[in-house]
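# Commentary on secondary and tertiary structure
What follows is each chain in one-letter form.
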Amino acid sequence: MNSTITSRENWLRFLRGEKPEWMPVYSETQAILPAIVPDNVARGFVNETVQVSPERFGGPDMFGVPWVYEPQVGGSMEDPSHPPILRDVADWREVIRFPDIDSWDWEGAALRNRGFLDPTRLTTATVFSGFFERLISFMGFEAAAMAMIDEDCEEDLHALFDALADANIRLITNYKKFFDIDLVYFHDDWGAQLAPFFSLNTCREMLVPHISKVVDFCHKNGVFFEFHCCGHNDMLAPAMVEAGMDAWCGQPMCDKYALLERYGDKMAIGISFTAAPEEVLRAQIDEMLDRVKLLPPGRRVYARDRMLGKDTTLRSYLIEKTRELYR
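Heads up: these notes are all about the structure in this document.

Rules used throughout
All residue numbers here refer to positions counted from 1 along the written sequence of the relevant chain. Only residues with pLDDT of at least 70 get local features here, since the model is predicted, and only at 80 or more are side-chain atom pairs given and counted; chain-wide, interface and lining totals rely on the full set of residues. Note that water and hydrogens are dropped before the side-chain values are worked out from all heavy atoms of the structure. Ring geometry is summarised as follows: Phe, Tyr and Trp rings, the Trp one being its six-membered ring, pair when their centres sit within 6.5 Å, and such pairs are stacked at plane angles under 30 degrees, edge-to-face over 60 and tilted between the two. Secondary structure elements are defined from DSSP: runs of H or I of at least 4 residues count as helices, runs of E of at least 2 residues count as strands, and each element is numbered from the N terminus. Categorising residues by exposure relies on relative accessible area from a 1.4 Å probe, with only protein chains included: less than 20% of the type maximum marks a residue as buried, more than 50% marks it as exposed, and the intermediate range marks it as partly exposed. Being paired, for any two strands, means DSSP has found at least two bridges between them. Only heavy atoms enter the contact rule, under which two residues are in contact if any of them lie within 4.5 Å. Convention adopted: a line fitted to C-alpha atoms gives each axis, helices being fitted over their contacting stretch, and angles between N-to-C directions are expressed from 0 to 180 degrees. Each angle receives one of four descriptions, namely roughly parallel if under 35 degrees, roughly antiparallel if over 145, roughly perpendicular if within 65 to 115, and oblique otherwise. Here a crossing is called left-handed whenever its near helix is offset anticlockwise from the far helix by less than a right angle, and right-handed whenever the offset is clockwise. When residue character is reported, Ala, Val, Leu, Ile, Met, Phe, Trp, Tyr, Cys and Pro are called nonpolar, Asp, Glu, Lys and Arg charged, and the others, Gly included, polar. A pairing counts as a salt bridge when a side-chain nitrogen of Lys or Arg comes within 4 Å of a carboxyl oxygen of Asp or Glu. Here a patch means residues that are over 30% exposed by relative accessible area and free of salt bridges, tied together within 9 Å if like-charged and within 5 Å if nonpolar (Val, Leu, Ile, Met, Phe, Trp, Tyr). Areas reported here follow the Shrake-Rupley algorithm with a probe of radius 1.4 Å; residue values treat only the protein chains shown as occluding. Here Asp and Glu are counted as negative and Lys and Arg as positive; His is not counted, and neither are the chain ends. To locate a charge, the coordinates of NZ of Lys, CZ of Arg, CG of Asp or CD of Glu are taken. For our purposes a nonpolar core is just a set of buried Ala, Val, Leu, Ile, Met, Phe, Trp, Tyr and Cys residues, chained together by side-chain atoms within 4.5 Å.

### Brief notes about the packing of aromatic side chains
- Taken as a whole, this structure holds 23 aromatic pairs when the rule is applied.
- Consider the rings of Tyr 26 and Tyr 185, whose centres lie 6.0 Å apart with planes at 45°: the pair is tilted. Here Tyr 185 lies in strand β6 (residues 183-187) and Tyr 26 lies in the loop between α1 (7-15) and β1 (30-31), a separation of 159 residues in the sequence. Accessibility classification places Tyr 26 together with Tyr 185 in one group, the buried group.
- Residues Phe 63 and Phe 98 carry aromatic rings whose centres are separated by 5.1 Å and whose planes lie at 85° to one another, so their mutual orientation is edge-to-face. Remark: Phe 98 occurs in the loop between α3 (92-95) and α4 (106-112) and Phe 63 occurs in the loop between β2 (59-60) and β3 (66-70); sequence separation between them is 35 residues.
- Grouped by ring-pair contacts, the aromatic residues Phe 131, Phe 132, Phe 141, Phe 161, Phe 186, Trp 190, Phe 197, Phe 198, Phe 225 and Phe 227 constitute a single cluster.

Below you can see the structure in the form of structure tokens.
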């Protein structure tokens, strides 16, 4: 069946809370991740006209924290041979050097990537890293986790997070100005396989005010906010809703259908698929659609279809099935 709208318009309808023609599929979006942003190179995620060789991945991020790229996993971690740059949150003003984001060659990147982006597809940009992840990169995990619950750190940590919010806003401002992005994909992992790293109250007190600042800026400037947050974080979903996030992809370990029932009218939630042969993936798609049909009205679901790989037959199957569902 031929579409009457582009995949970008379908996504925008969905994100605005309107009825799409089919369930939005993440592989229909496109990302701009220029190498002028140090974090993109450090984390091993560059996507632009001139691609970066993986041998160049890793190195310092925008705050000078060194990263090591692991080709086997396709991602990076902080260089364990370097000690944390911040020992005490109270010292952040003297220790942390904020980058001059506006001075990066955004005009050159925009010129280099002229024609790279397809106007019929939703354009996204990833922000590495969010508030807790950035604190980990400064202090190491244990010290960062302790700082989140230490009353003596609270005032200084809020000041640091507020400054980080401003830096993220400058980054998003330039992505919008030079690439007219539609959506920010914001990274901040809050949990492990079994449970979150901190309580809902801690999340509300320490993170929500600063995330809300970024989300509010995005919404005032025509940008949607999708959250990448790994871990078994079901209990932290209320904080995501309170921060005003538009979407959360989450991991399969989370009870997505229970979350959709409770929060899916306020925040879109992505359903993922596990890697499997074609017949098993078709069964996963069918099961997903059967369960979606049982949800209360107004629940917003999108497909995180990375595990479908390059199989356009499976992707077309998913899209056509959801066309039927929305009709």
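### Details of the sheet that holds strand β9 (residues 268-272)
- The sheet built from seven strands is open, its strands ordered β1-β5-β6-β7-β8-β9-β10 with parallel pairing. The two strands at the open ends of the sheet, each matched to only one other strand, are β1 and β10 (301-304).
- Note: β6 against strand β7 (residues 224-228), five bridges, orientation parallel. Across the sheet, residue His 187 finds its bridge partner in β7, namely His 228.
- Where helix α7 (residues 154-179) meets the sheet, its contacts fall on β5 (123-127) and β6, and the angle it forms with β5 comes to roughly 155°.

### Focus: unusual backbone geometry
- Note that the residue after Phe 128, namely Ser 129, is joined by a cis bond; omega there is 5°.
- Its place among the elements puts Ser 129 in the loop between β5 and α5 (131-139).
- Of note, the phi angle at Asp 180 is positive, near 50°, even though the residue is not glycine.
- In this structure, Asp 180 sits in the loop between α7 and β6.
- Given a relative accessible area of 47%, Asp 180 falls into the partly exposed group.

### Describing the packing of α5 against α7
- Two numbers describe how α5 lies on α7: the axes approach to 11 Å, and their chain directions differ by 110°. By the angle class used here, α5 and α7 are roughly perpendicular. The handedness of the crossing between α5 and α7 is right-handed. Together, Phe 131, Arg 134, Leu 135 and Phe 138 of α5 and Leu 157, Leu 160, Phe 161, Leu 164, Ala 165 and Asn 168 of α7 make up the contact between the two elements.
- Split into classes, the residues belonging to the contact of α5 with α7 amount to eight nonpolar, one polar and one charged.

### Quick word on the pattern of salt bridges
- Under the criterion given, the structure shown has 19 salt bridges.
- Asp 102 is the partner of Arg 170 in a salt bridge, and the nearest nitrogen-oxygen pair spans 3.0 Å. On the criterion of sequence distance, the pair formed by Arg 170 in helix α7 and Asp 102 in the loop between α3 and α4 is long-range, its members being 68 residues apart.
- Several salt bridges share partner residues, and in doing so they unite Glu 9, Arg 13, Arg 16 and Glu 18 into one network.

### With respect to α1
- Among all positions in α1, only Ser 7, Asn 10, Trp 11, Leu 12, Phe 14 and Leu 15 are buried.
- Looking at the packing, one finds that the buried side of α1 touches β6, β7, β9 and β10.

### Points about a negative patch on the surface
- A cluster of acidic residues, Asp 150, Glu 151, Asp 152, Glu 154, Glu 155 and Glu 205, forms a negative patch at the surface.
- Of note, Glu 151 is situated in the loop between α6 (141-149) and α7.
- Its relative accessible area of 68% is what places Glu 151 among the exposed residues.

### Some points on the pairing of β6
- Buried residues dominate β6, accounting for five of its five residues.
- Alternating positions in β6 separate into two faces, Leu 183, Tyr 185 and His 187 on one and Val 184 and Phe 186 on the other, with burial throughout.
- Of the strand pairs in this sheet, β5 and β6 are connected by four bridges, and their pairing is parallel. Across the sheet, Thr 126 pairs through a bridge with Tyr 185, a residue of β6.

### Things to note about the nonpolar core
- Counting residues in hydrophobic clusters, the biggest one holds 93 residues, and the most contacted among them are Tyr 175, Trp 190 and Met 245.
- Looking at which element gives the most residues to this core, the answer is α7, with twelve residues.
- Tyr 175 has contacts with Ile 32, Leu 33, Pro 34, Val 37, Asn 40, Trp 106, Ala 125, Thr 126, Asp 180 and Ile 181, leaving out every residue within four places of it along the chain.
- Within the second largest apolar cluster, 13 residues are counted, among which are Leu 12, Tyr 26, Ala 247 and Ala 268.

### Here's the deal with the packing of helix α12 (residues 278-293) against helix α13 (residues 312-326)
- In the contact formed by α12 and α13, the axes pass within 11 Å of each other and the chain directions differ by 20°. When the interaxial angle is binned, α12 and α13 end up roughly parallel. The way α12 lies across α13 gives a crossing that is right-handed. Across the interface between the two elements, Glu 278, Leu 281, Arg 282, Ile 285, Asp 286, Leu 289, Val 292 and Lys 293 of α12 pack against Thr 313, Leu 314, Tyr 317, Leu 318, Lys 321, Thr 322 and Leu 325 of α13.
- Residues of the contact of α12 with α13, tallied by class, amount to eight nonpolar, two polar and five charged.

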